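# Notes for the structure review
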Amino acid sequence: MLNSLLLLIFSFGLQETSRVNSPEHLVNQKDRRSDSGVPLSLKKAVLLAMENNVDIEIARFTPLLREEEIGTYEGVFDTNIQSSLAYTDLNHISFGMFGDSLQESTTVKLDTTLSKKIPFGATFSLSYGISDVDTFHQVTSFPSSQGDHWTQSLALAATLPLLKNYGTKYNYSTVILSRNSRDESIYDFENAITSTIYSIHEAYWNLVYAIKDQGVKEQSLAVAEKLREETARKLQAGVVIKLELTQAEAGVATRKEYIIKAKAAVFNAVDRLKLIVNPALLKEKEALLPSDSPAGVSKGFSEENAVDAAFALALQNRPEYLKIMVQLNSQETQLYVSERGLLPSLELTASATLSNPEQESLSDAFNTIADNQTINATLDFNYALGQSASRAAYNSALYTKRSLLLEQKRTENNILVEVREAVRQILTQEKVIEATKKALELAEEQFQAELNRKRRQVSTTFNVLEMQTKVSEAQAREIQARIDYQKALISLKVATGTLLLDMGIKLDEMLIPRTK
């Protein structure tokens, strides 16, 4: 039942294919203003904004930057290779009582190490070294000596934390926090898009109202001009007095003033919509002509059921609520890390090395590499007495988590209030539309009655114009009620976090970097 209620609520959101007319006497009348302009549907306005809105383009970079930062922390677990090549040439001359001595040696040494840290904390390394020492020794009056000495070694070492730094969650915590930071920025980006789309809806419907209101005022002017012409003819025929024509002309002048202000309101509404959709359009003189009309009114759902269904939907989709859930996950990780920080550090380091004594050839060095075998094991223990820093970090993480839990509850309450207000506003606007529609019908009846009385010479032009003004005001109120109903529908979609889904906007596509 809740799904059907939600479908009933959301199915009346304005889509480009929805063309439900507003009151027949307003929609079917021909618009007297200039038709020059660019037709623009609401969906097209949103798509243009997604491509051109500066605020969205700025917000897009933050998730992209956060994504790149993840690689910085994952790089700790990359395999690392390090190699060094050293060359030494030594010449030494000494003078002694038995003769002069000359010593020459040339050393070439190559060391290569392959190392990797794995997520649970252990670090492994494999090292290989080889050296060649070529020596020459000559003492006066004695035979010279020279030699070529090859040595090499192969070592495997491992360092394993046993207490404080042990565990995948501990060592991978920076990556987890970095990914959560990226997710938070994505929810902020979604919030920015939602806010922009909501602003587009408001600006679009404000423009629709401004245009419709201008049409109402032009219709009012047409009625006043027609009344003035009739009064002028009757004055020539001697049926009415001069005051009647003066009142008719005053009515025409007043309505012209209203039209001037209404046109300015249309221009202002166009500029506000251009600013959100694409600021470059502000340089264009062409107007924007909304091609969508207010949707029809939905009925038949209870406030209580609608609120329950919408609230459950909001907790699944609202980006600010999902962001708090990510922050709680980050804080759980921080709390775990700080809790492990209270433990002493105990690390086991072990290594096994194969090497050979000096050999005169490289082949002999390879054949005797296992002649010398060395195994080492070290256990290192470290503990800070007092644990002041570690305990402060733990308490800070604990208090932050408690604060976030309260923030989560406060956000839930705020969402519930927003959902209730949005549902209540929809139901309220449904009743307002019915009331304004009835008020318009009655105002039109009163105007028609007053007009008939005027034709029977039992009423004045002033009274007819007053009744016609009330008709115009009733028309404007009905239009405003229908516009407010559209805004209420959008507010509910914002409150439930489904606006992007309703508009067919895919967040993953929005995060793709622009080539320009």
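All of these numbers come straight from a predicted model, not from anything done at the bench. (Residues numbered from 1 in each chain as written. Predicted model: local features only at pLDDT ≥ 70, side-chain atom pairs only at ≥ 80, totals over all residues. Heavy atoms only, no water.)

Further remarks concern the overall build of the protein. Across its full length, the protein holds 14 helices and eight strands. The proportion of buried residues among the 516 residues of the protein is 38%. In the protein, once contacts between residues fewer than 6 apart in sequence are set aside, the share between residues at least 24 apart is 80%. Element-wise, carbon and sulfur atoms account for 55% of the exposed surface of the protein, whose accessible area totals about 28,500 Å². (Helix = DSSP H or I, 4+ residues; strand = E, 2+ residues; numbered from the N terminus. Buried < 20%, exposed > 50% of the residue type's maximum accessible area, 1.4 Å probe, protein only. Contact = heavy atoms within 4.5 Å. Areas by Shrake-Rupley, 256 points an atom, 1.4 Å probe, with all protein chains shown as cover.)

Right, let's get into helix α4 (residues 54-74). An α-helix turns once every 3.6 residues. As a result, residues three or four positions apart point the same way. For α4, built from 21 residues, the straight-helix expectation of 30 Å at 1.5 Å per residue is met to within 8% by its first-to-last C-alpha distance of 32 Å. Of the positions making up α4, those classed as buried are Ile-56, Ala-59, Arg-60, Pro-63 and Ile-70. The arc that holds every buried residue of α4, seen down its axis, measures 115°, which confines them to one face. Among the exposed residues of α4, those oriented more than 90 degrees off its buried face are Ile-58, Leu-65, Glu-68 and Thr-72. Summarising the contacts, the buried residues of α4 are in contact with α3 (42-52), α6 (173-236) and α14 (507-510). (Expected span 1.5 Å × (residues − 1). Arc of directions from axis to C-beta.)

So, about the pattern of salt bridges. Oppositely charged side chains can form a pair if their charged atoms are brought close together. Following the criterion strictly, the structure yields 19 salt bridges and no others. Salt-bridge contacts for Asp-183 lead to Arg-182; the nearest nitrogen and oxygen are separated by 3.2 Å. Assessed through its relative accessible area of 24%, Asp-183 is described here as partly exposed. The closest approach of N and O atoms between Arg-318 and Glu-418, which form a salt bridge, is 2.8 Å. (Salt bridge = Lys/Arg side-chain N within 4 Å of Asp/Glu carboxyl O.)

Turning next to the pairing of strand β8 (residues 372-382). Among the 11 residues of β8, zero are classified as buried, and the element is accordingly described as predominantly exposed. Pairing between strand β7 (residues 345-355) and β8: 11 bridges, direction antiparallel. From the neighbouring strand, Ala-350 faces β8, where its bridge partner is Ala-377. (Pairing = 2+ DSSP bridges.)

We now examine the side chain of Ser-330. With respect to the secondary-structure elements, Ser-330 resides in helix α9 (residues 319-340). Setting aside residues up to four positions removed in sequence, Ser-330 forms contacts with Leu-177, Asn-180 and Glu-184.

We now examine the packing of aromatic side chains. In the structure shown here, the tally under the stated rule is three aromatic pairs. Taken together, a centroid distance of 5.3 Å and an interplanar angle of 40° make the contact between Phe-77 and Tyr-172 tilted. Residue Phe-77 is found in the loop between α4 and β2 (80-96), and its partner Tyr-172 is found in the loop between α5 (168-171) and α6; the two are separated by 95 residues along the sequence. A relative accessible area of 8% means that Phe-77 is categorised as buried. For the ring pair Tyr-204 and Trp-205, a centre distance of 5.6 Å and an interplane angle of 85° mean the geometry is edge-to-face. (Phe/Tyr/Trp six-rings, centres within 6.5 Å; stacked < 30°, edge-to-face > 60°.)

Right, let's talk about the environment of Lys-487 for a bit. Along the polypeptide, Lys-487 turns up in helix α12 (residues 461-496). Residue classification places Lys-487 among the buried residues on the basis of a relative accessible area of 16%. C-alpha of Lys-487 to C-alpha of Ala-422: the two residues are 65 residues apart in sequence and 9.4 Å apart in space. What Lys-487 contacts, discounting residues up to four positions off in sequence, is Glu-202, Trp-205 and Asn-206. In this structure the side chain of Lys-487 is engaged in a polar contact, spanning 2.6 Å, whose partner is the side chain of Asn-206. (Polar contact = N/O pair within 3.5 Å; in protein donor to acceptor, adjacent residues only side chain to side chain.)

A few words now on a nonpolar patch on the surface. Taken together, the side chains of Ile-81, Leu-114, Leu-126, Leu-154 and Leu-156 define a hydrophobic patch exposed on the protein surface, amounting to about 450 Å² of accessible area. Inspection of the secondary structure assignment puts Leu-154 in strand β5 (residues 145-161). (Patch = residues over 30% accessible without salt bridge, like charges linked within 9 Å, V, L, I, M, F, W, Y side chains within 5 Å.)

Before going further, it helps to examine the confidence of the model for the protein. Confidence in the prediction for the protein averages 85 pLDDT; 87% of positions are at 70 or higher. Here helix α2 (residues 24-27) stands out as the element of the protein with the lowest mean pLDDT, 32, in contrast to α9, whose mean of 94 is the highest. Under a pLDDT of 50 for its full length, residues 1-34 has, in the predicted model, 78 contacts with residues more than four places off or in other chains. (pLDDT = per-residue confidence, 0-100.)

Our focus in this paragraph is the environment of Ser-363. Topologically, Ser-363 is positioned in helix α10 (residues 362-367). Residue Ser-363 is classed as partly exposed on the basis of its relative accessible area, which comes to 43%.

With that settled, consider unusual backbone geometry. Positive phi, normally seen in glycine, also occurs at Gln-457, with a value near 65°. By secondary structure assignment, the location of Gln-457 is in the loop between α11 (388-455) and α12.

Here we come to the nonpolar core. It is characteristic of soluble globular proteins that their nonpolar side chains tend to be buried jointly. The biggest cluster of nonpolar side chains holds 38 residues, and the ones touching the most others in it are Met-50, Ile-193, Ile-197 and Leu-273. Contributing elements (two or more residues each) for this core: α3, α4, α6, α7 (242-277), α12, α13 (499-502) and α14. With 13 residues, α6 is the single largest residue contributor to this core. Apart from residues lying up to four places away in sequence, Leu-273 is in contact with Leu-40, Ile-200, Ala-203, Tyr-204, Leu-207 and Leu-288. Within the second largest apolar cluster, 18 residues are counted, among which are Val-307, Ala-314, Tyr-321 and Leu-489. (Core = buried A, V, L, I, M, F, W, Y, C linked by side-chain atoms within 4.5 Å.)

The subject of this paragraph is the packing of α9 against α11. α11 packs onto α9 with a crossing angle of 165° between their chain directions and a minimal axis gap of 9 Å. Relative to α11, the element α9 lies roughly antiparallel. Classified by chirality, the crossing of α11 by α9 is left-handed. Each residue belonging to the contact of α9 with α11 can be placed in one class, and the counts come to 12 nonpolar, eight polar and six charged. (Axes fitted to C-alpha atoms, helices over the stretch in contact; angles between N-to-C directions. Parallel < 35°, antiparallel > 145°, perpendicular 65-115°, else oblique. Left-handed = near helix turned anticlockwise from the far one by under 90°. Nonpolar A, V, L, I, M, F, W, Y, C, P; charged D, E, K, R; others polar.)

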